[in-house]
Amino acid sequence: MKPSQPLSVCSGPRSPRSPRQRPSRGLARPDVGLSLFRCGLRLWIFGGILCGCAPRLSPEMVELARDAGAQVECAPLQERIISIVDAMASEPEDGAVSMEWGIPHRRLASKQAILEALSALGVEHRVVSMPDRHVPVENIVVELPGTGAGPGGAPASEVLQLTAHFDVWYTAADDNTSGVVSALEAIAILRNLELSRSIQVLFYDMEETGIDGSLAWWDRYGNNQVHAVLNLDAIAYASDKPGSQAAPPGFRLPSKGNFILGLGNGAARHHLRWMAELSAEIPDSAAFLAVYGPADNEHPATNDFHRSDHSPAWSRGLPGIFMTDTANLRNPHYHQPTDLPDTLDPAFHCGVTRLVVGSMAAYAEAP
Amino acid sequence: MSGWLAAVVSAGLAAAGVHETGLGVEVARHDGPRQVLLGVGPRLTHRYTASEHTHWFVQGSLERLWLMVPTWGLTAGGGVRRMGPTWRPLVLLEAAAYPSRIVKLTTEDPTPPRLPASSLRVRVAPLAFRLNGTTQVSALEVAPGLGLDTPRETVAFSVSYCSLFHQW
């Protein structure tokens, strides 16, 4: 992530900047350059302290996010969830995986549904098989190349990752067919926008066995040019009933489980702030709660924050956000045969998808 | 040279009043709508009293806590204590600040808090005893308080166990 620039951000939103406007190096005399560097460093440090400010999204980026989020169509989301769950229900119970817990673990029908949806969209995709892992995985990858020419002027070589796992216990509508469907909707919208950063959508295999799909991916490809990771895992269950939301030990959450939680590491603090701001800007967005610690959340009271596919990014110090309805802390159907489409809140899911799509568009241009 | 320095420092401290330094175990909690912290770790305290016969004192502490996030804690305050021959309970008002904490942002309030997790606490040490001329022990100290970020909703407290003080 680029450092903040207090002179511009403290006085207001940053103006759009193209790569050609960057000052060239080596033109100033060395001593003058050093003085300027020191001066800039002081301004950056003291400006940051005094203003307490962080890089901000420009009005163009907010507008982009608003427009992108508004393109989400609600009705097809729930229809697609029902379609995938129905397909999984007809899948042989053991699928291709033998699970030590003896719980029906399905992945083939969901994978096939994703591949068919991508083909219908006309989006190039590939299946990356890693059969040599102790748990063999087959991740699905979609690449949406950036242009470097959007309002933020971020380089196209930087990659934003949107991830969702497609393997499930039973026929899990919330965990994680909801995330898969939102990621497919994001592809359908984001591919038509000329965004600066490249976007990589990863449908991970074998998350429920211990995030094997994402670990395999990161082990093979590393963190080359990854700007940030947004991971969707169980994002469609909501309840307005007081007391419907539980919290992990040591934390307090609102009593009503009607918000989407964005868990982040310290590196993702700006992204979480932007998402919180965008949740008020994007029409019909879901209410958002961001929670983040100063570093990687690998401490006794926060280890549970690592329970999904964003964890490898956190472990590498990269900005990562875990979007979730908090699963078992809210949803009584979590990892149960009753996790079915009619238990979900379609309006809430649509609001979350709007926020995800809008935020991805903004992140593709963000400082 | 070091002997001279130690002598000068000791003389200065003796002339300036009574100094006590203690080490104990601290459990601290700051639970608000925007900042959360729960931690346990060592607490180093230095206390100053103008003279052996003065009830009033000031003290500062440095804590290092782990559990939710690793953080330093700084407290400063002043209070009064009973200067009995053995039983020396005390009560003080202290301000505490923890720079590292879990932050929460919402749609309604998306701006991160600028100040550390800060609170104002009343520390009560009812089980403080003088063991001999230079050693004191405080078995249990309880410090309930209110957060300074959003006082109406933030609960803050700390508990110290087994603090052992040496008087200089």
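The structure we're discussing is the one just above.
This is a predicted model, so every value here is computed, not measured.

A. View of the pairing of strand β6 (residues 102–106) of chain B. Among the 5 residues of β6 of chain B, 4 are classified as buried, and the element is accordingly described as predominantly covered. As judged from the 4 bridges shared by strand β9 (residues 288–292) of chain A and β6 of chain B, these two strands associate in the antiparallel manner. Bridge assignment links V291 of chain A to a residue of β6 of chain B, and that residue is K104 of chain B. Across 2 bridges, the pairing between strand β2 (residues 35–49) of chain B and β6 of chain B is antiparallel. Opposite Q35 of chain B, over in β6 of chain B, you have V103 of chain B as the bridge partner.

B. Expanded view of the state of the cysteines. Residue and element names in this part refer to chain A. Within this structure, the stated rule accounts for 1 disulfide over all chains. What pairs with C74 in a disulfide is C350, and their sulfur atoms sit 2.0 Å apart. Taking the sign of the S-S torsion, -70 degrees for the link of C74 and C350, the bridge is left-handed. Here C350 lies in helix α10 (residues 346–363) and C74 lies in helix α4 (residues 74–89), a separation of 276 residues in the sequence.

C. A look at the side chain of N139 of chain A. Residue and element names in this part refer to chain A. Mapped onto the elements of the fold, N139 is located in strand β3 (residues 137–144). In terms of polar contacts, N139 uses its side chain to reach the backbone amide nitrogen of D205, at 2.9 Å. Contact partners of N139, with chain neighbours within four places excluded, come to R126, V127, V128, M130, F203, Y204, D205, G213 and W217.

D. Highlighting a nonpolar patch on the surface. All names here are of chain B. Taken together, the side chains of V91, L93, L120, V122, V124 and L148 define a hydrophobic patch exposed on the protein surface, amounting to about 460 Å² of accessible area. Only β5 (90–98) and β7 (117–125) provide two or more residues apiece to the nonpolar patch. Considering each element in turn, the nonpolar patch owes the most residues, 3 residues, to β7. Looking at the secondary structure, you find L120 in strand β7.

E. Representation of the interface of chain A and chain B in the model. Counting residues at the interface gives 24 residues for chain A, matched by 22 residues for chain B. Interface of chain A and chain B: buried area, both sides summed, is about 1,900 Å²; carbon and sulfur atoms make up 60% of it. Our count for the chain A to chain B interface comes out at 1 salt bridge. Here R252 of chain A makes a salt bridge to D31 of chain B, at a shortest N to O gap of 3.2 Å. Linking chain A to chain B there are 8 residue pairs in polar contact (both at pLDDT 80 or more).

So, how was this worked out
- Residues numbered from 1 in each chain as written.
- Chains lettered and ligands numbered in written order.
- Predicted model: local features only at pLDDT ≥ 70, side-chain atom pairs only at ≥ 80, totals over all residues.
- Heavy atoms only, no water.
- Buried < 20%, exposed > 50% of the residue type's maximum accessible area, 1.4 Å probe, protein only.
- Helix = DSSP H or I, 4+ residues; strand = E, 2+ residues; numbered from the N terminus.
- Pairing = 2+ DSSP bridges.
- Disulfide = S-S within 2.5 Å.
- Polar contact = N/O pair within 3.5 Å; in protein donor to acceptor, adjacent residues only side chain to side chain.
- Contact = heavy atoms within 4.5 Å.
- Patch = residues over 30% accessible without salt bridge, like charges linked within 9 Å, V, L, I, M, F, W, Y side chains within 5 Å.
- Areas by Shrake-Rupley, 256 points an atom, 1.4 Å probe, with all protein chains shown as cover.
- Salt bridge = Lys/Arg side-chain N within 4 Å of Asp/Glu carboxyl O.
- Buried area = accessible area lost by both parts, 1.4 Å probe.

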